[in-house]
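# Examining the three-dimensional arrangement
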Amino acid sequence: MEGKLVSEARNLLLVDAGNTSVKSCVVKANGETIRLGDPLRDRDLINTNKISRVLLVSVRAQSYSENLQQYCFDKQIRFREVTTSESAFGTACAYENYQTLGVDRWMMILAAAARPEDTILVMSIGTAMTLDLVHNKQHLGGWIAPGFDLAKSALFQKTANVFGNADYPNHNAFGDNTESCVNFGCRAQVNGLLKEGIKCAEEYSTKLKILVCGGGISLLDLSEFDDIEVNENLIFEGLMRFV
Ligand SMILES: Nc1ncnc2c1ncn2[C@@H]1O[C@H](COP(=O)(O)OP(=O)(O)OP(=O)(O)O)[C@@H](O)[C@H]1O
Ligand SMILES: CC(C)(CO)[C@@H](O)C(=O)NCCC(=O)O
């Protein structure tokens, strides 16, 4: 039975192991894609989707990569972990110590570099928020800041009297109690980061494309930004360049 499954398998599984969650994407032979979860949590995912090859990017502890590699080895599935490189496909990483740039950022940078626009700002709104500038297909650098939940928990941990709830506000306003002041303040930080990023990026070009992804996208006031594209598959788009 196991042998039959392996011989029938021909689909590719892309895996993005982030700090909060692991996402995956099945790429079928006909090009169709399906977004799924963590293959180490849902042990049927690989069998039911006839996976013959796994490509991983991870910003988690090394043990996640080792466990997935072992799992693939046991199931006779080809496995490769893609890591940040000094350059790829003609795009150089802005970090001298390139190994320290998160591979999730690297994938988004490479996805942006494959686009036709000259100047692209890539933003991820996850556990952490990141911004990276890609100009003429080169990575010029970026920012790392706490994400919405992280900013809130830092406030709760480091102050005696600030408390909150688990709401994600869908607009901005001035709060009239502690919880709403925290929520609106941290939401303003998300939007403010992008506005500041645009200001800096406009030194390179006033014609700017913005690509955004991550679990906190609904915190952005999308209508306030020109030429902005929400793309949940940015990391997978970058990873697909290695296929
Ligand atoms: N319903 C929601 N509305 C708005 N924001 C949310 C919601 N649910 C989660 N978030 C935000 O999304 C974050 C998680 O995003 P994501 O799943 O992209 O994280 P991750 O990829 O694991 O982290 P990272 O990319 O930083 O490693 C949470 O920390 C939270 O701030
Ligand atoms: C910043 C995060 C956590 C965003 O997921 C990730 O890209 C990471 O762990 N980066 C390592 C540090 C860096 O990119 O400089």
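Residues numbered from 1 in each chain as written. Chains lettered and ligands numbered in written order. Predicted model: local features only at pLDDT ≥ 70, side-chain atom pairs only at ≥ 80, totals over all residues. Heavy atoms only, no water.

## Side note on the sheet that holds strand 5 (residues 78–81)
On the basis of which strands lie adjacent, the open sheet formed by five strands has the order 3-2-1-4-5 and mixed pairing. Strand pairing shows two members of the sheet lacking a second neighbour, strand 3 (33–36) and strand 5, which therefore form its edges. Taken over all neighbouring pairs, the strand axes of this sheet differ in orientation by 20° on average, direction set aside. Strand direction decides the pairing type here: strand 1 (residues 11–17) and strand 2 (residues 22–27), joined by six bridges, are antiparallel. When the sheet's bridge partners are listed, leucine 14 is paired in strand 2 with cysteine 25. Of the strands in this sheet, strand 1, strand 2, strand 4 (51–58) and strand 5 touch helix 3 (residues 62–74), which is tilted by about 175° from strand 4. (Pairing = 2+ DSSP bridges. Helix = DSSP H or I, 4+ residues; strand = E, 2+ residues; numbered from the N terminus. Axes fitted to C-alpha atoms, helices over the stretch in contact; angles between N-to-C directions. Contact = heavy atoms within 4.5 Å.)

## Thoughts on the site of ligand 2
Looking at ligand 2, the residues that line it are Asn19, Val59, Tyr95, Thr100, Leu101, Gly102, Asp104, Arg105, Thr130 and Ile144. One nitrogen or oxygen atom from the main chain of glycine 102 is found 2.8 Å from an oxygen atom belonging to ligand 2. In the complex, 74% of the free accessible area of ligand 2, which totals 380 Å², lies under the protein chains. Here the residues of the shell around ligand 2 sort into four nonpolar, four polar and two charged. (Near = heavy atom within 4 Å. Polar contact = N/O pair within 3.5 Å; in protein donor to acceptor, adjacent residues only side chain to side chain. Areas by Shrake-Rupley, 256 points an atom, 1.4 Å probe, with all protein chains shown as cover. Nonpolar A, V, L, I, M, F, W, Y, C, P; charged D, E, K, R; others polar.)

## Examining the sheet that holds strand 11 (residues 209–213)
Read across the open sheet, the five strands follow the order 10-9-8-11-12; overall the sheet is mixed. The open sheet has two free edges, formed respectively by strand 10 (138–146) and strand 12 (228–230), since each of these has just one partner strand. Taken over all neighbouring pairs, the strand axes of this sheet differ in orientation by 15° on average, direction set aside. Both strand 8 (residues 119–125) and strand 9 (residues 128–135) contribute to a ladder of seven bridges, which runs antiparallel. Residue leucine 121 lies in a different strand from strand 9, and its bridge partner there is leucine 133. Packing of helix 6 (residues 178–201) onto the sheet brings it into contact with strand 8, strand 9, strand 10, strand 11 and strand 12, and relative to strand 8 it is tilted by some 160°.

## Overview of the domain arrangement of the chain
Domain assignment breaks the chain into domain 1 (2–81) and domain 2 (87–148 + 178–240). Computed over C-alpha atoms, the centres of domain 1 and domain 2 are 26 Å apart. Across the boundary between the two partners, domain 1 contributes 15 residues, which contact eleven residues of domain 2. Linking domain 1 to domain 2 there are zero salt bridges. Between the two partners, domain 1 and domain 2, sit three residue pairs in polar contact (both at pLDDT 80 or more). If you list the elements that add at least two residues to the side of domain 1 that touches domain 2, you get strand 1, strand 2 and strand 4. (Domains from an automatic or database assignment. Salt bridge = Lys/Arg side-chain N within 4 Å of Asp/Glu carboxyl O.)

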